[in-house]
Protein chains: 2
Amino acid sequence: MEVLKRRAFSLRPPFLGSHAVFVTAKTNVTVSSLQTPCSVIESQKSEAFRQAVVNTLERRLFYIPSFKIYGGLTGFYDYGPPGCAVKVNVLAFWRQHFVLEENMLEVDCPCVTPEVVLKASGHVDKFTDLMVKDEKTGACYRADHLIKDYCKDKLEKDPNLSAEKKAELSRVLAVLDDLSVDEIGARIKKYGITAPDTKNTLSDPYPFNLMFQTSIGPSGSNPGYLRPETAQGIFVNFKDLYYYNGNKLPFAAAQIGQAFRNEISPRQGLLRVRELTLAEIEHFVDPDDKSHPKFSEVSELELFMFPKEDQICGRPASKISIGEAVSKGIVNNETLGYFIGRVYLFLTQLGIDEGRLRFRQHLGNEMAHYAADCWDAEIESSYGWIECVGVADRSAFDLQAHADKSGVPLVAYEKFTEPRQVEKLVITLDKRELGLAFKGDQKMVVEALEDMDEKEAMIMKVTLEAMGEADLHVFTLDKVVTIKKNMLSISKEKKKEHQRVFTPSVIEPSFGIGRILYCLYEHSFYTRPSKDGDEQLNVFRFPPLVAPIKCAVFPIVQNQHYEEIAERISKSLTAFGISYKIDITGTSIGKRYARTDELGVPLSITVDCISSVTVRERDSKQQIRVYVDEVASVVKEVTEGVSTWTDLLRRYPNHSS
Amino acid sequence: MEVLKRRAFSLRPPFLGSHAVFVTAKTNVTVSSLQTPCSVIESQKSEAFRQAVVNTLERRLFYIPSFKIYGGLTGFYDYGPPGCAVKVNVLAFWRQHFVLEENMLEVDCPCVTPEVVLKASGHVDKFTDLMVKDEKTGACYRADHLIKDYCKDKLEKDPNLSAEKKAELSRVLAVLDDLSVDEIGARIKKYGITAPDTKNTLSDPYPFNLMFQTSIGPSGSNPGYLRPETAQGIFVNFKDLYYYNGNKLPFAAAQIGQAFRNEISPRQGLLRVRELTLAEIEHFVDPDDKSHPKFSEVSELELFMFPKEDQICGRPASKISIGEAVSKGIVNNETLGYFIGRVYLFLTQLGIDEGRLRFRQHLGNEMAHYAADCWDAEIESSYGWIECVGVADRSAFDLQAHADKSGVPLVAYEKFTEPRQVEKLVITLDKRELGLAFKGDQKMVVEALEDMDEKEAMIMKVTLEAMGEADLHVFTLDKVVTIKKNMLSISKEKKKEHQRVFTPSVIEPSFGIGRILYCLYEHSFYTRPSKDGDEQLNVFRFPPLVAPIKCAVFPIVQNQHYEEIAERISKSLTAFGISYKIDITGTSIGKRYARTDELGVPLSITVDCISSVTVRERDSKQQIRVYVDEVASVVKEVTEGVSTWTDLLRRYPNHSS
């Protein structure tokens, strides 16, 4: 139960669930696109490519393992100078593309969060992974990882495996995320899995909370946590933000900030870290009207979508327009569709290959019971398809949870121009009868009864009148209970209302910035032979928007005149706010190009004459001649997206080196 | 001792020391500019002004007390939409002004930090405040706060106080930061100070570490802390960054990020918080050459400086050029002077009043023994002079500390063009004799001996030869010890060297972003009467660079044509990347102006005609007429600082409303 809860729950914090293998609980059909195991050769190729990328990233200080001189700290990375610059650029574009474009309300809340907030959100109770300990050394392991490694290893390396055993292990892999704590424990025992490092026996699995805990203030009596996501900071401020927006819906709030997850044993290098940057949007909307005024701006975009039906039936992801996806009901509503489109535009403008980007819908068993619909932007990398952005319609869950816990109503109002006569559903519960029947489960049953919508309530009323009892599926208990006639009465009353009071739905696009950056690096990386063909040179094909440094300045030889011109050009670049790198070493020009190509610098200016200079484009290696006094503004045009290199080729004479 | 250490130590993390009253230990002369007590009326005026600013800031959601619906959490604030936008603008300008302009290497390191790093930096042992506990309830108080409150209260409110007693209390206030833990305890007992809330007796004072502690990984055996500053992340990466910079000095690294301080009892609202944003620069430089190539660009700047001599002699801060300050030796070196100038330009361009900005030099007792010189940019606010930026020459302390702890050399190299014959100082210690003489203090004495420079060593050599013994001031023990001839030998040897190996000095400008923002709000705030004179309206006079929203768009009446034009203008503003606020309510135009003036929006566009619109400037309330199609680019010019309002007045016809 615990695992299922955590996983269903983990919809809230994305970038946690393991989606490498998934399956629907009902059909047990493994998803076809993932069914075919990668051939060993392909997997080796993929591994080699990743090594090439990661080596370049670490050698050029895009990333540095944190606290390296002290031996490092698993799950923590620093962004070195070019990595930090790329991150700053991506976040600036995110602000431009989302916050500015939609007039969102950006906020900035603390990382340290008191327990009550994360109790309300469910993180204190449910934000866990199952852990086992080496019974002798106390070393900790993620229980599901051990089973996964065991099954994969057997399937790949044991030639004597019976067909029956093969099927069993494949099935375990497929349903791993759905197994209960007892089932996980039983598998570990059955397969005789021991601690990988010592071969000692393992403890029974138990849930480990993934939040970093701390203590706020000097008394030691006020527990707090490092936030596992930024969203809660927005929810607790809903009332003020709604007021700030003139008490009008819809509106969106946004936040960029650090989040923290004390993973049991981080794997997958840069993809699974213990401290991460999230950029989250909470778009609050009337649950009765999820249309979006700007939907038409994205409706014709065609992108790879992977709806749940296709996953279940083993069909691959296919291209479909957002307009069609919404009109056919594949995507639940226009606002959700609008954000899917905006996320697509954001990622592809950064340089993510649109052929290796898909939007995958959550399956029934992945989705929390309250969620209306949920799509992940997944990017294909050497690790497989990586969840980088979650776009979820979370209905009223979060606001309701904080309103319940704090006692402060987090609602919106729709004022009627004149009072309306309404029929209101009245559910009166007999708490005594419910208590007698359900004891410890009473609270959950009561909540489920109170959560019934009009249709459900009327069906129950009719059933109770006809049969004397009715079934009720209590999602929070994950079981069906029997409701008897004496436990409640359901009726409709007529009332005059001046306004409608409701809890808004929230549509949440949530971006894992570190994961997007890593995938972007893989999609931007390529190698090409050096001029004399004796080595492979690395290039990142970043668009100017993303490039950590926009331009390099090289005096072709060490010479005072040329260095003065280089200095003059540098000053104009700074005045325009353009980052550059100047290299006045006597190194060959080819080597200097190679060094900057490896940082993804789009343009290089070689000072080889007093009056004009050579400007070279990174990927085509084409060159043009531009006057010294003009060159900074030419770089500015390209950097700001006003002109492309093709435009420049038309305007300036070609230069062959 | 503990207090002195902590305070001397607190030079590392700025924004902690209490500088409201300070004094030199040697002279006991209270600093004159602070000597005159504010009259009660002035203090009330100041309090009223602060209330007006803070009310506006909270009502318009510049700030929101964090987790407000749960009753808030002392020492934590959210930035609401306009506050967050101002912060984003200030940080973007910081990047432009420092990182881009100086080609600094920006990095981004985690908040969670393992113990070993903060052990090396000294934070685990010394980052403390003295705390006392209510012996019955366990409530915690900062010991120095209680004494301060007691003294101030007596001085202000007790008319029967003898002249002698007055002098005593004033003296205690003046030396509070220098008192030892025992002296603090004795004062509390002597004055009969009890717990403010209950009047219960208090425990003896003891040091409380101000870092938030946590545990990294699942085992519970790896303690970590939330970083109290961002600087350590740069120091531990020195080796890689030096390599990235082509093994050349000087270079600077920079970092913007969250820092955390678990204050015992945060006061002063927005100025003393438990989670803060710092922007820090570590400029690494050859200790033998602290000149700066761009010094001439700032040397003629005249600004208020408050050198230690002036503080001691009771002279006020005075205007002096940076060039003069460096040439007279008031500021230790050119690089330090250069950064003081750059900080001055940064703050004044944000809108800090240069008449209420001063650079105050640390006194001898404020400064750590290793620091060469230290200046704080202090901004005058309703709370008095607030330390907002620290600019310190910390010599080689930090790199040396991490090199010692990690065993990884953190050094720079100067390659000689040809080998040099050098005389090298050789100090050979007799550890046995030293151990016998100094026992537990041996380590500190040895370090002090090894740290002697050539001059000090030669003086010691001569003294030992003549007298048989010599005095040595061991700063880390804060006492003078006697060194005997048999404890060491000092000689000079000739060697051939191919390069010089040295630990760079670091010059550190460190910015408390939250404090700068708060002072900026106070310096930007004013009130003026409404048109009919019946109320006072609030205005923030933010420069366009800082303003949270650059421009407002108002259709003068609710009318489809006007709203369409407003929409068209909004779209062009978005295309230019300019944040705006559109208000299509039927509220009077005066009210709408007042609302946006209170957010500091510099320009408003009123749509009152089909072809042209009225553009109004916030502070002068002057208006011009501009064609609809031109207006967005006019706003862009002003926002980007290309044109001023005065320029526009010359180009566009004046409009009287």
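Residues numbered from 1 in each chain as written. Chains lettered and ligands numbered in written order. Predicted model: local features only at pLDDT ≥ 70, side-chain atom pairs only at ≥ 80, totals over all residues. Heavy atoms only, no water.

Topic: the overall build of chain A
What counts, and what does not: Runs of H or I in DSSP of at least four residues are treated as helices and runs of E of at least two as strands, each being numbered from the N terminus. For the radius of gyration, the atoms used are the C-alpha atoms, and the globule rule reads 2.2 Å times the number of residues raised to 0.38. Burial here depends on accessible area, computed with a 1.4 Å probe over protein chains only, as a share of the maximum for the residue type. Under 20% is buried, over 50% is exposed, and the range in between is partly exposed. The contact criterion used throughout is that any non-hydrogen atoms of two residues lie within 4.5 Å. Only the protein chains shown count as cover for residues, and the accessible areas themselves come from Shrake-Rupley with a 1.4 Å probe. Residues scored as positive are Lys and Arg, those scored as negative are Asp and Glu, and His as well as the terminal groups of each chain are ignored. To locate a charge, take NZ of a lysine, CZ of an arginine, CG of an aspartate or CD of a glutamate.
Counting its secondary structure elements, chain A contains 23 helices and 28 strands. Over its C-alpha atoms chain A spans a radius of gyration of 29 Å, differing by no more than 12% from the 26 Å that the globule rule assigns to 657 residues. C-alpha extents for chain A along the principal axes are approximately 95 × 75 × 60 Å. Residues classed as buried in chain A amount to 55% of the 657 residues present. Considering only contacts in chain A between residues 6 or more positions apart, those separated by 24 or more positions represent 69%. As presented, chain A carries roughly 28,000 Å² of accessible surface, and 51% of it is formed by carbon and sulfur atoms. Taking the average location of the 82 positive side-chain charges in chain A and that of its 91 negative ones, the two points are 2 Å from each other.

Remarks on the domain arrangement of chain A
Interface size, as often reported, equals the accessible area lost upon joining of the parts. To keep it simple, the criterion reads: Note: domain ranges come from an automatic or database domain assignment.
For chain A, the domain assignment lists domain 1 (128-209), domain 2 (418-498) and domain 3 (549-651). Its C-alpha centre places domain 1 of chain A at a distance of 56 Å from the equivalent point of domain 3 of chain A.

Concerning the side chain of S382 of chain A
For clarity, the threshold we go by: Pairing of N or O atoms within 3.5 Å defines a polar contact, subject to two protein rules: one partner must be a possible hydrogen donor and the other a possible acceptor, and residues neighboring in sequence count only if both atoms are side-chain atoms.
Along the chain, S382 of chain A turns up in the loop between strand 15 (373-381) and strand 16 (384-393). A distance of 2.6 Å separates the side chain of S382 of chain A from the side chain of E522 of chain A, its partner in a polar contact.

Description of the relation of the copies chain B and chain A
Spelled out, the test is: In this comparison the copies share one frame, found by least squares on the C-alpha atoms of residues holding pLDDT of at least 70 in both.
For the pair chain B and chain A, the relating rotation is 180 degrees, the translation along its axis is 0.0 Å, and the fit reaches an RMSD of 0.1 Å. Such values leave the two copies arranged in the relation of a two-fold axis. Of every C-alpha in chain B, the one belonging to T214 of chain B sits nearest the axis of rotation, 2.5 Å from it. Most of the interface of chain B is mirrored in chain A: 100% of its interface residues are interface residues there too.

A few points about the interface of chain B and chain A
Under the convention used in this document: Here's the idea: put two parts together, see how much 1.4 Å probe accessible area each one loses, and the total over both is what we call buried area. Any Lys or Arg side-chain nitrogen found within 4 Å of a carboxyl oxygen on Asp or Glu counts as a salt bridge.
Residue-level contacts link 78 residues of chain B with 79 residues of chain A. For the chain B and chain A pair, buried surface summed over both sides reaches about 6,400 Å², with 64% attributable to carbon and sulfur atoms. Interface area lost by chain B to chain A is led by I69, Y70 and Y244 of chain B, which between them contribute 13%. At the boundary of chain B with chain A, the tally comes to four salt bridges. The salt bridge partner of D240 of chain A is K68 of chain B, with a shortest N-O separation of 2.7 Å. Linking chain B with chain A are 22 residue pairs in polar contact (both at pLDDT 80 or more). Among the elements that line the side of chain B that touches chain A, the one with the most residues is helix 4 (residues 81-100) of chain B, at eight residues.

Observations regarding the packing of aromatic side chains
Two descriptors summarise a pair of aromatic rings, namely the distance from one centre to the other and the angle between the planes of the rings. What counts is decided by this rule: Think of it this way: a Phe, Tyr or Trp ring, Trp meaning its six-membered ring, pairs with another when their centres are within 6.5 Å, and the plane angle makes it stacked under 30 degrees, edge-to-face over 60, tilted otherwise. Two limits define a charge over a ring: the Lys NZ or Arg CZ must be within 6 Å of the ring centre, and within 35 degrees of the ring normal.
Inspection of the entire model under this criterion finds 54 aromatic pairs over all chains. When the ring of F93 of chain A is compared with that of F346 of chain A, the centres are 5.5 Å apart and the planes differ by 10 degrees; the resulting orientation is stacked. Of the two residues, F93 of chain A is situated in helix 4 (residues 81-100) and F346 of chain A in helix 14 (residues 334-350); the sequence distance between them amounts to 253 residues. Owing to a relative accessible area of 9%, F93 of chain A belongs among the buried residues under this scheme. Ring centres 6.0 Å apart and planes at 70 degrees place the aromatic pair F49 of chain B and F525 of chain B in the edge-to-face group. Here the residue F49 of chain B occupies a position in helix 3 (residues 40-59), and F525 of chain B occupies one in strand 22 (residues 525-529), the gap between them amounting to 476 residues. F49 of chain B gets classed as partly exposed once you look at its relative accessible area, which sits at 29%. Taken together through their ring pairs, the aromatic side chains of F49, F62, Y63, Y77, Y79, Y521, F525, F540 and F542 of chain A make up a single cluster. Taking the ring centre of Y383 of chain A as reference, the NZ or CZ of R50 of chain A above it sits at 3.7 Å.

Things to note about the sheet that holds strand 7 (residues 206-209) of chain A
Consider a sheet: its strands pair through backbone hydrogen bonds, and that pairing is either parallel or antiparallel. Residue and element names in this part refer to chain A. How we decide: Here a strand pair is declared whenever DSSP counts at least two bridges between the two strands. Angular values range over 0 to 180 degrees, each being the angle between N-to-C directions of two axes fitted as lines to C-alpha atoms, with helices fitted over their stretch in contact.
The antiparallel open sheet is built from three strands, whose spatial order is 6-5-7. Each edge of the sheet is formed by a strand with only one pairing partner; in this case those strands are strand 6 (140-142) and strand 7. Across the sheet, the mean angle separating the axes of adjacent strands is 55 degrees when strand polarity is ignored. Summarising the sheet, strand 5 (residues 128-133) and strand 6 pair through three bridges and their orientation is antiparallel. Among the inter-strand pairings, V132 is bridged to a residue of strand 6, identified as Y141.

Focus: a negative patch on the surface
Residues and elements named next belong to chain A. Short version of the rule: Candidates for patches are residues over 30% relative accessible area with no salt bridge; among them, like charges are joined within 9 Å and nonpolar side chains (Val, Leu, Ile, Met, Phe, Trp, Tyr) within 5 Å.
Taken together, the side chains of E450, D451, D453 and E456 define an acidic patch exposed on the protein surface. In this fold, D451 is placed in the loop between helix 17 (442-450) and helix 18 (454-467). The exposed category is assigned to D451, whose relative accessible area is 65%.

Here we look at the pairing of strand 5 of chain A
Residue and element names in this part refer to chain A. For strand 5, the buried fraction is high: five of the six residues fall into the buried class. Bridge count between strand 5 and strand 7: four bridges; the pairing is antiparallel. Residue pairing across strands places D129 opposite F208, the latter belonging to strand 7. In this structure, the hairpin formed by strand 5 and strand 6 is closed by a connection of six residues, where G138 is found at a positive phi of approximately 80 degrees.

Observations regarding the packing of helix 16 (residues 431-438) of chain A against helix 17 of chain A
Residues and elements named next belong to chain A. Rules: Roughly parallel here means an angle under 35 degrees, roughly antiparallel means over 145, roughly perpendicular means 65 to 115, and every remaining angle is called oblique. Crossing handedness is read from the near helix: turned anticlockwise from the far helix by less than a right angle, it gives a left-handed crossing, and turned clockwise, a right-handed one. Each residue is assigned to one of three groups, with Ala, Val, Leu, Ile, Met, Phe, Trp, Tyr, Cys and Pro labelled nonpolar, Asp, Glu, Lys and Arg labelled charged, and all others, Gly among them, labelled polar.
Remark: helix 16 packs on helix 17, axes separated minimally by 9 Å, with the N-to-C direction vectors making an angle of 130 degrees. Between helix 16 and helix 17, the angle falls in the class oblique. Considering how the two elements wind past one another, helix 16 and helix 17 form a crossing that is right-handed. Contacts from K431, L434, G435 and F438 in helix 16 reach Q442, V445, V446 and L449 in helix 17. A class-by-class count of the residues in the contact of helix 16 with helix 17 yields five nonpolar, two polar and one charged.

Considering the UniProt feature "domain: Aminoacyl-transfer RNA synthetases class-II family profile" (unreviewed entry) in chain A
This is how it is decided: UniProt positions are given in the numbering used here, feature names are shortened, and annotations may be inferred rather than shown by experiment.
Here the UniProt-annotated "domain: Aminoacyl-transfer RNA synthetases class-II family profile" (unreviewed entry) positions come out as residues 51-529 of chain A. With 36% helix and 30% strand, residues 51-529 of chain A has its two end C-alpha atoms placed 18 Å apart.

Here's the deal with the pattern of salt bridges
Summed over all chains, the structure comprises 90 salt bridges over all chains. Here K189 of chain B and D204 of chain B are joined by a salt bridge, their closest N and O atoms 3.0 Å apart. Of the two residues, K189 of chain B is situated in helix 9 (residues 181-191) and D204 of chain B in the loop between helix 9 and strand 7 (206-209); the sequence distance between them amounts to 15 residues. You can call K189 of chain B exposed: its relative accessible area is 61%. One salt bridge in this structure joins D288 of chain B and R500 of chain B, with 3.1 Å as the shortest N-O distance. Within this pair, whereas D288 of chain B is found in the loop between strand 11 (275-285) and strand 12 (302-306), its partner R500 of chain B is found in strand 20 (residues 488-502), the two being separated by 212 residues in sequence. Connected through shared salt-bridge partners, K165, E168, R187 and K190 of chain A make up one network.

Digging into the confidence of the model for chain A
The condition that has to hold: Scored from 0 to 100, pLDDT records how confident the predictor is in each individual residue.
Of the residues in chain A, 94% reach a pLDDT of 70 or more, and the chain-wide mean stands at 90. Low pLDDT, under 50, characterises residues 1-37 of chain A; the stretch is placed with 116 contacts to residues that sit more than four places away or in other chains.

Here's the deal with the packing of helix 4 of chain B against helix 19 (residues 513-524) of chain B
Residue and element names in this part refer to chain B. The interhelical angle for the contact between helix 4 and helix 19, taken along N-to-C directions, is 115 degrees, at an axis separation of 11 Å. In terms of their interaxial angle, helix 4 and helix 19 are classed as roughly perpendicular. Where helix 4 crosses over helix 19, the two elements pack in a sense that is right-handed. Only I513, L517 and Y521 of helix 19 make contact with helix 4, whose side of the interface consists of G83, V86, K87, V90 and L91.

Section: the environment of F502 of chain A
Residue and element names in this part refer to chain A. Structurally, F502 is set in strand 20 (residues 488-502). Residue classification places F502 among the buried positions, given a relative accessible area of 10%. As for F502 and V116, which are separated by 386 residues in sequence, their C-alpha atoms are 24 Å apart. Leaving out residues up to four positions away in the same chain, F502 has contacts with L249, D286, P287, V411, A412, Y413 and E414.

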